[in-house]
Amino acid sequence: MIAEMLNPTMPPSLWAETARERFDAPPPDGDLDVDVAVVGSGFTGLSTALHLAGEGTRVVSVDAAMPGWGASGRNGGQVIPGLKDDPDALEAHFGAAVGGRMAETAGAAPSLVFSLVDEHGIDCDVQRAGWIQPAHCRTALRLVQDRCAQWRRRGADVEPLDAEAVAELLGSRPGAYLGGWLDRRGGAVQPLAYARGLARAAAGRGARIHGGSRVVALERDGTRWRLRLATGASIIADHVVLATNGYTDDLWPGLKRTVVPVYSFQTASEPLSPNARASIFPKDHVASDTRRLLWYFRLTREGRLVMGGRGPYSEVPGEAAARMALANLENLFPEIGPLTPAYAWAGRVAMTKDHFPHLHRLADGVWAGLGFNGRGVAMGTMMGRCLAEAILGREPGLPVMDPLPFRLHAFRRFGISAYSALYRRRDARESANPAL
Ligand SMILES: Cc1cc2nc3c(=O)[nH]c(=O)nc-3n(C[C@H](O)[C@H](O)[C@H](O)COP(=O)(O)OP(=O)(O)OC[C@H]3O[C@@H](n4cnc5c(N)ncnc54)[C@H](O)[C@@H]3O)c2cc1C
């Protein structure tokens, strides 16, 4: 921890190597007095800081390592509209008004990302043609067709796809998927560049952004809150936002038990030949499939295929996982021949018990926004806006919920391996018998 504090570095990845956006975030050189202190500088924390700074609030965002060090700098970059649960399910669960507003908020999250990219000139290889969810079996196909119909009824720019259309838009072998849907609201960014761009934008509006600043204690100080940093400095603030997602520690008692961190990993190939490149994702879409342990994949601007999925419980994915992803790509795109791996990396996704992202008011002036269940590029950005709205006394686009801890959280690693093995078997059975 001390080494990370003194010399925080990004774990090696394609994104760390290629991000053109740069942002220096040294620790503060003294104590700070602000209106709002944000802990964690990923999409959630940085978007909170950006939205608050835009309203004239004195805000600081601190990270144990640096902006984008967590999942935000390591993810697939897929800008996905909506939550895991479909709009009808949200309305059934939360009631028409709250559920409807959640669906609307989640559906609008990609356009928030793209508008921030435009407004602040973030140099992050943005792709806006849309997100495809191809179905690996009949049951999944019925599910995504219904999902597509639900969004279409709400006026979203979406389209059901048959098997031929999916094969054409992915450039994949015929029959790899049974169909799917296209959501034109989605797309992709280079995630680390996007995170750094948010940091630059927030700083440009007056927010202070500091790396190398692990918060080790959070305590009441009169009517305010005092955050003690591992560097020895302290921050006093009226409001505190915990935006630590899969990297949540014991700073706030019990918060860690509301999320189970699982590892997702990615592999990037060497750049494909111009010929091979032309046939894959010819219209610039990106995709995540319907498996329980889903595979997500895209072609980068430099023509590398990047695929990710559930990995071993480790910050480093290991060769077996990387080989599995490449084998999947070779199976999907057989005409490109054997792929050469160039990068493999991993990071933590935070799962919640009810699969919803959670906005909490943990105490007077203490807020948290976390639990994106693998969909935090757009939703983390949107959560930041919602946290800012809540702090400014406005109605946020997401409901303020009570923390929902996992029982037996201490045994999460056993639970994760058991569920992963079960899901992998079911996915394999369905993929082998797509009529299921
Ligand atoms: C490999 C991978 C692929 C993914 N692919 C996609 C995708 O394609 N599309 C999508 O929508 N989502 C994807 N996700 C999920 C998405 O990346 C996350 O939901 C999102 O980045 C969460 O952002 P965040 O800001 O909430 O948390 P993070 O980016 O994880 O940031 C949390 C930060 O908190 C800091 N921190 C923790 N404790 C402290 C402390 N005590 N003091 C100071 N700082 C602290 C950490 O250093 C960290 O930087 C993926 C995730 C992974 C890991």
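Calculation rules
Residues numbered from 1 in each chain as written. Predicted model: local features only at pLDDT ≥ 70, side-chain atom pairs only at ≥ 80, totals over all residues. Heavy atoms only, no water. Helix = DSSP H or I, 4+ residues; strand = E, 2+ residues; numbered from the N terminus. Rg over C-alpha atoms; globule rule 2.2 N^0.38 Å. Buried < 20%, exposed > 50% of the residue type's maximum accessible area, 1.4 Å probe, protein only. Contact = heavy atoms within 4.5 Å. Lys, Arg positive; Asp, Glu negative; His and termini not counted. Charge placed at Lys NZ, Arg CZ, Asp CG, Glu CD. Pairing = 2+ DSSP bridges. Patch = residues over 30% accessible without salt bridge, like charges linked within 9 Å, V, L, I, M, F, W, Y side chains within 5 Å. Areas by Shrake-Rupley, 256 points an atom, 1.4 Å probe, with all protein chains shown as cover. Salt bridge = Lys/Arg side-chain N within 4 Å of Asp/Glu carboxyl O. Axes fitted to C-alpha atoms, helices over the stretch in contact; angles between N-to-C directions. Core = buried A, V, L, I, M, F, W, Y, C linked by side-chain atoms within 4.5 Å. Polar contact = N/O pair within 3.5 Å; in protein donor to acceptor, adjacent residues only side chain to side chain.

Caption draft 1: Seen up close, the overall build of the chain. Within the chain, the secondary structure is distributed over 12 helices and 18 strands. Whereas a compact globule of 436 residues would reach a radius of gyration of roughly 22 Å, the chain reaches 21 Å, a difference of no more than 12%. Taken over the C-alpha atoms alone, the chain extends approximately 65 × 45 × 45 Å along its principal axes. Looking at the chain as a whole, 58% of its 436 residues qualify as buried. Sequence separation of 24 or more characterises 76% of the internal contacts of the chain that already satisfy a separation of 6 or more. A distance of 5 Å separates the average location of the 49 positive side-chain charges in the chain from that of its 46 negative side-chain charges.

Caption draft 2: The pairing of strand 6 (residues 179–183), seen in detail. Most of strand 6 sits inside the fold, with 5 of its 5 residues counted as buried. Across the two faces of strand 6 the burial is the same, with Gly 179, Trp 181 and Asp 183 and Gly 180 and Leu 182 all buried. Where strand 5 (residues 158–162) lies against strand 6, 5 bridges are found, and the strand directions are antiparallel. Across the sheet, Glu 159 pairs through a bridge with Leu 182, a residue of strand 6.

Caption draft 3: Geometry of unusual backbone geometry. Notably, Phe 281 is not glycine yet its phi reads approximately 45°, a positive angle. The residue Phe 281 is located in the loop between helix 9 (274–279) and strand 13 (286–288) in this model. Given the relative accessible area of 4%, Phe 281 is considered buried. Residues other than glycine seldom take positive phi values, yet His 355 does so here, at roughly 70°. Topologically, His 355 is positioned in the loop between strand 16 (341–351) and strand 17 (358–363).

Caption draft 4: Up close: a nonpolar patch on the surface. On the surface, Leu 408, Phe 411 and Phe 414 cluster together into a nonpolar patch covering about 390 Å² of accessible area. Tracing the backbone shows Phe 411 in the loop between helix 11 (376–391) and helix 12 (412–432).

Caption draft 5: Geometry of the pattern of salt bridges. Evaluated as defined, the whole model comprises 33 salt bridges. Between Arg 224 and Asp 238 there is a salt bridge, with the nearest N and O atoms lying 2.8 Å from each other. Separated by 14 residues along the polypeptide, Arg 224 in strand 10 (residues 224–229) and Asp 238 in strand 11 (residues 234–242) bring together distant segments of the chain. A salt bridge links Asp 284 to Arg 301, with the nearest nitrogen and oxygen atoms 3.5 Å apart. With Asp 284 in the loop between helix 9 and strand 13 and Arg 301 in the loop between strand 14 (296–299) and strand 15 (305–310), this residue pair connects regions lying 17 residues apart in the sequence. For Asp 284, a relative accessible area of 27% puts it in the partly exposed group. Looking at Arg 301, the relative accessible area reads 43%, which means it is partly exposed. Beyond isolated ion pairs, a larger network of salt bridges with shared partners links Asp 33, Asp 35, Arg 58, Arg 224 and Asp 238.

Caption draft 6: Up close: the sheet that holds strand 12 (residues 260–269). With mixed pairing, the 8 strands of this open sheet are ordered in space as 5-6-4-13-14-15-12-16. Two strands lie at the open edges of the sheet, namely strand 5 and strand 16, each paired on one side alone. When strand polarity is set aside, the average angle formed by the axes of neighbouring strands in this sheet is 20°. As judged from the 2 bridges shared by strand 4 (residues 131–134) and strand 13, these two strands associate in the parallel manner. Bridge pairing links Ile 132 to Ala 287 in strand 13. Taken strand by strand, helix 10 (residues 318–332) contacts strand 12, strand 14, strand 15 and strand 16, and its axis lies near 55° from that of strand 12.

Caption draft 7: Region of the structure containing the nonpolar core. With 80 residues, the main nonpolar core has Val 59, Val 113, Tyr 194, Leu 198, Val 241 and Met 379 as its most contacted residues. Mapped onto this core, the elements with two or more residues apiece are helix 2 (14–18), strand 1 (32–39), helix 3 (43–53), helix 5 (96–119), helix 6 (138–153), helix 8 (191–204), strand 16 and helix 11. The biggest single contributor to this core is helix 11, with 10 residues. Excluding anything up to four places from it in sequence, Val 59 contacts Val 36, Val 38, Ala 49, Leu 52, Ala 53, Ala 207 and Arg 208.

Caption draft 8: Structural context of the side chain of His 136. Topologically, His 136 is positioned in the loop between strand 4 and helix 6. For His 136, a relative accessible area of 5% corresponds to the buried category. Side chain to side chain, His 136 and Thr 290 meet in a polar contact 2.8 Å long. In this structure the side chain of His 136 is engaged in a polar contact, spanning 2.8 Å, whose partner is the side chain of Glu 430. Leaving out residues up to four positions away in the same chain, His 136 has contacts with Tyr 177, Thr 290, Arg 291, Asp 427, Glu 430, Ser 431 and Pro 434.

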